[in-house]
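Coordinates in review
So you can see what is in the structure, the chains are spelled out below.
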Amino acid sequence: MSLIDDARAVRENAYVPYSKFKVGAAIRTVGGTVYKGCNVENVAYPEGTCAEAGAIAAMIAGGDIAIAEVAVIADSPEPVSPCGGCRQKLAEFAKGEVKVTLATMDGGRFETTVGDLLPGAFDQDYMSRV
Ligand code: THU
């Protein structure tokens, strides 16, 4: 099973009564464990969470911290583009060279990296004086 298959499977569980836009995300850690997440919306719209955030939360709850690969899938005309907040969240736990595959349900694929998704990231180095 590929990481995209994992993302596609969890996407089915997305709770999206407002946008109807289901997203699935899967993370493989450096140790090989796969964590999955889907978007979870809320009637108070800003309280919704993205698929990527769900997968990261599952990873941290599972005791892992280092991302080796990411896949995200949605039923969109072009491969789904992670929001700015999720780019920052991924950068917290992934090196810049980590591969991110963005996918559509009908086979569209765009391969990028965490570093290309968030050039010039605000990272832990900025905290070195505190
Ligand atoms: N969404 C994600 O979960 N991940 C992305 O990469 C893009 C957008 C969600 C948020 C919201 O539930 C819905 O897609 C529409 O914005």
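Up top you'll find the structure we're talking about.
A short tour of the structure in this document, coming up.

On to the packing of aromatic side chains, then. For the structure on display, the rule yields two aromatic pairs. A centroid spacing of 5.4 Å and a plane angle of 45 degrees characterise the contact between tyrosine 18 and tyrosine 45, whose relative ring orientation is tilted. Separated by 27 residues along the polypeptide, tyrosine 18 in the loop between helix H1 (3-11) and strand S1 (23-29) and tyrosine 45 in the loop between strand S2 (34-38) and helix H2 (51-61) bring together distant segments of the chain. Residue classification places tyrosine 18 among the partly exposed residues on the basis of a relative accessible area of 35%.

Our focus in this paragraph is the site of the ligand. The full set of residues close to the ligand is Ser19, Phe21, Val23, Asn39, Glu41, Cys50, Ala51, Glu52, Val80, Ser81 and Pro82. Within the backbone of alanine 51, an N or O atom sits 2.9 Å from an oxygen atom of the ligand. Out of a free accessible area of 380 Å², the ligand has 77% covered by protein chains. When the residues that make up the shell around the ligand are grouped by side-chain class, the tally is six nonpolar, three polar and two charged.

Moving on, we get to the pairing of strand S5 (residues 109-113). With five bridges connecting them, strand S4 (residues 94-104) and S5 associate as antiparallel partners. Opposite threonine 101, over in S5, you have glutamate 111 as the bridge partner. Counting the residues between successive antiparallel strands, the hairpin from S4 to S5 contains four residues, one of them, glycine 107, with a positive phi of roughly 100 degrees.

Here we come to the environment of methionine 59. Tracing the sequence through the fold places methionine 59 in helix H2. For methionine 59, a relative accessible area of 0% translates into the label buried. It is 8.1 Å that separates the C-alpha atoms of methionine 59 and lysine 36, two residues lying 23 residues apart in sequence. Setting aside chain neighbours within four positions, we find methionine 59 in contact with Ile27, Thr29, Tyr35, Asp64, Ile65, Ala66, Ile67 and Phe93.

Topologically, glutamate 69 is positioned in strand S3 (residues 67-74). At a separation of 2.7 Å, a polar atom in the side chain of glutamate 69 contacts the side chain of arginine 28.

Glancing now at the environment of glycine 96. For glycine 96, the location among the structural elements is in strand S4. Its relative accessible area of 36% is what places glycine 96 among the partly exposed residues. The spacing of glycine 96 and alanine 121 is 25 residues in sequence and 9.4 Å in space, taken between C-alpha atoms. Leave out the neighbours within four places in its chain, and glycine 96 touches Thr113, Val114 and Gly115.

Another point: the packing of H2 against helix H3 (residues 84-93). A packed helix pair is summarised by two numbers, namely the angle formed by the two axes and the spacing between the axes. The contact between H2 and H3 brings their axes to 9 Å, and the two run at 25 degrees. In terms of their interaxial angle, H2 and H3 are classed as roughly parallel. For the crossing formed where H2 meets H3, the hand is left-handed. Of the residues in H3, those touching H2 at Glu52, Ala53, Ile56, Met59 and Ile60 are Cys86, Lys89, Leu90 and Phe93.

Basis of the calculations
- Residues numbered from 1 in each chain as written.
- Predicted model: local features only at pLDDT ≥ 70, side-chain atom pairs only at ≥ 80, totals over all residues.
- Heavy atoms only, no water.
- Phe/Tyr/Trp six-rings, centres within 6.5 Å; stacked < 30°, edge-to-face > 60°.
- Helix = DSSP H or I, 4+ residues; strand = E, 2+ residues; numbered from the N terminus.
- Buried < 20%, exposed > 50% of the residue type's maximum accessible area, 1.4 Å probe, protein only.
- Near = heavy atom within 4 Å.
- Polar contact = N/O pair within 3.5 Å; in protein donor to acceptor, adjacent residues only side chain to side chain.
- Areas by Shrake-Rupley, 256 points an atom, 1.4 Å probe, with all protein chains shown as cover.
- Nonpolar A, V, L, I, M, F, W, Y, C, P; charged D, E, K, R; others polar.
- Pairing = 2+ DSSP bridges.
- Contact = heavy atoms within 4.5 Å.
- Axes fitted to C-alpha atoms, helices over the stretch in contact; angles between N-to-C directions.
- Parallel < 35°, antiparallel > 145°, perpendicular 65-115°, else oblique.
- Left-handed = near helix turned anticlockwise from the far one by under 90°.

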